[in-house]
Amino acid sequence: MSALARYFNALGKTVSGYDKTPTPLTEQLEAEGIAIHFEENLEQIPKHPDLVVYTPAVPKQHAELLYYQQQEVPVLKRSEVLGIISNSSFNICIGGTHGKTTTTTMTAHVLRHTGYGCNAFLGGISVNYQTNFWSDSRNVAVIEADEYDRSFLRLHPDIAVISSMDPDHLDIYGTEKNLLDAFIEFSKKLKPQGLLFSKYGLPRSSELRAGKHFTYSLDNTNADIYTKDIHMQDGSYTFSVKLPDIELNDVELHMGGLHNVENALVAIAIAQQLGIS
């Protein structure tokens, strides 16, 4: 939600909102010029906004939400608004029941740091930039594709990633089968010539659909993309990356955890497909 607030604020729109409690993040938003209130109070909301955006985490009986739903004001879920934004851009949508926030942030960082440029909608605050959103004149969006409430099915990926499909959010999906069905449907949201990266060995991977499909793995050489020769030194990793048509040697990652080596592998593969050196 805060990333969307920052997106509209960056476009020069007047943005305000409600949150349950003050946090360091709400303080940052207020410092950026976004008005936030913390009590359920109709006196503190704009009466005729152009758009109201909400998250399913807000109770259905919330007084402010009910007020707007009764007015002639567009009231859309966060996922619907992301869907509208991504309808007219080149989109890199990164999903999975774990690993997606780090992979999204790494990918967006590579695009930003190399000068390629992107609009980033992250699921967490990037330590490098102290924000979960940044904008760029290039019409490319890197979006964390959230499976909660089936939100990711509203996106329009040109490139999609599925890092994992472990049973999660069963309060929404009910069964593991329904969750897997949703990820398969997510792959079908790819544009006709879209590119999918999926972790090697995912259940029902043969049902995933894409114009082009690469699998990846930390160390399984049956995957299309994998790492090898991983060495650890002074808390950092050095490794080689095997891509479909090139091998990169002496890659360094200054983050702990082999899972982050695998996350970096995906970001590198995406960058290569975009033509980044």
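Each remark here, short or long, concerns the structure printed above.
Residues numbered from 1 in each chain as written. Predicted model: local features only at pLDDT ≥ 70, side-chain atom pairs only at ≥ 80, totals over all residues. Heavy atoms only, no water.

**Focus: the nonpolar core**
Among the nonpolar cores identified, the biggest contains 36 residues, and Ile92, Leu111, Phe197, Ile225, Ile270 and Leu274 are the most heavily contacted of them. Considering every element that reaches this core, the biggest residue donor is helix α8 (residues 258-273), with 8 residues. (Core = buried A, V, L, I, M, F, W, Y, C linked by side-chain atoms within 4.5 Å. Buried < 20%, exposed > 50% of the residue type's maximum accessible area, 1.4 Å probe, protein only. Helix = DSSP H or I, 4+ residues; strand = E, 2+ residues; numbered from the N terminus.)

**Some words on the pattern of salt bridges**
What the rule picks out here adds up to 9 salt bridges. Here Lys100 makes a salt bridge to Glu147, at a shortest N to O gap of 3.1 Å. Linking Lys100 in helix α5 (residues 100-113) with Glu147 in the loop between β8 (140-145) and β9 (159-162), this pair joins segments that are 47 residues apart in sequence. No difference in accessibility class separates Lys100 from Glu147, as the two residues are buried. Close ionic contact of Lys191 with Asp158 constitutes a salt bridge, the shortest N to O distance being 2.9 Å. In this pair, Lys191 sits in the loop between α7 (176-188) and β10 (195-199) while Asp158 sits in the loop between β8 and β9, placing the two residues 33 residues apart along the sequence. When its relative accessible area of 27% is taken as the criterion, Lys191 is described as partly exposed. The class of Asp158 is buried, set by a relative accessible area of 15%. (Salt bridge = Lys/Arg side-chain N within 4 Å of Asp/Glu carboxyl O.)

**Considering the pairing of strand β6 (residues 119-126)**
As paired elements, β6 and β8 share 3 bridges and run parallel to each other. Looking across to β8, one finds that Asn119 is bridged to Ala141. Counting the residues that bridge the hairpin from β6 to strand β7 (residues 131-134) gives 4 residues, and of these Gln130 lies at a positive phi of roughly 55°. (Pairing = 2+ DSSP bridges.)

**Some details on the environment of Arg138**
Among the secondary structure elements, Arg138 is positioned in the loop between β7 and β8. Overall, the relative accessible area of 37% leaves Arg138 in the partly exposed class. Between the alpha carbons of Arg138 and Leu195 there is a distance of 20 Å; along the sequence they are 57 residues apart. Discounting residues that sit within four places of it in the chain, Arg138 has contacts with Tyr116, Gly117 and Asn119. (Contact = heavy atoms within 4.5 Å.)

**Describing the sheet that holds β6**
With mixed pairing, 10 strands are arranged side by side in an open sheet as β7-β6-β8-β5-β9-β10-β11-β12-β13-β14. Because the sheet does not close on itself, it has two edges, and the strands there are β7 and β14 (246-253). The mean angle between the axes of side-by-side strands here comes to 20°, regardless of whether they run parallel or antiparallel. Where β10 and strand β11 (residues 212-217) come together, 5 bridges link them in parallel fashion. Residue pairing for β11: Leu195 is matched across the bridge by Lys212. Where helix α1 (residues 2-10) meets the sheet, its contacts fall on β6 and β7, and the angle it forms with β7 comes to roughly 35°. The strands touched by α5 are β5 (90-95), β6, β7, β8 and β14; relative to β8, the strand with the most contacts, the crossing angle is about 170°. (Axes fitted to C-alpha atoms, helices over the stretch in contact; angles between N-to-C directions.)

**Overview of the side chain of Ser217**
Mapped onto the secondary structure, Ser217 falls in strand β11. In terms of polar contacts, Ser217 uses its side chain to reach the backbone amide nitrogen of Asp219, at 3.3 Å. Not counting residues within four places of it along the chain, the set of residues in contact with Ser217 comprises Tyr200, Ala223, Ile225, Tyr226, Thr227, Glu262 and Leu265. (Polar contact = N/O pair within 3.5 Å; in protein donor to acceptor, adjacent residues only side chain to side chain.)

**Focus: the packing of aromatic side chains**
The final tally for this structure, using the stated rule, is 9 aromatic pairs. Relative to Phe183, the ring of Phe152 has its centre 5.1 Å away and its plane inclined at 85°; by these criteria the two rings are edge-to-face. Of this pair, Phe152 sits in the loop between β8 and β9 while Phe183 sits in helix α7, and the two are 31 residues apart along the sequence. Residue classification places Phe152 among the buried positions, given a relative accessible area of 0%. Looking at Phe183, the relative accessible area reads 0%, which means it is buried. Grouped by ring-pair contacts, the aromatic residues Tyr7, Phe8, Phe121 and Phe133 constitute a single cluster. If you follow Arg112 out to its NZ or CZ, it ends over the ring of Tyr129, 4.0 Å from the centre. Lying over the aromatic face of Tyr116, Arg138 brings its terminal NZ or CZ to 3.8 Å of the ring centre. (Phe/Tyr/Trp six-rings, centres within 6.5 Å; stacked < 30°, edge-to-face > 60°. Lys NZ or Arg CZ within 6 Å of the ring centre and 35° of its normal.)

**A closer look at the environment of Gly83**
With respect to the helices, strands and loops of the structure, Gly83 is situated in helix α4 (residues 78-86). In this structure the C-alpha to C-alpha distance between Gly83 and Ser151, which are 68 residues apart in sequence, comes to 8.9 Å. Discounting residues that sit within four places of it in the chain, Gly83 has contacts with Arg154, Leu155 and His156.

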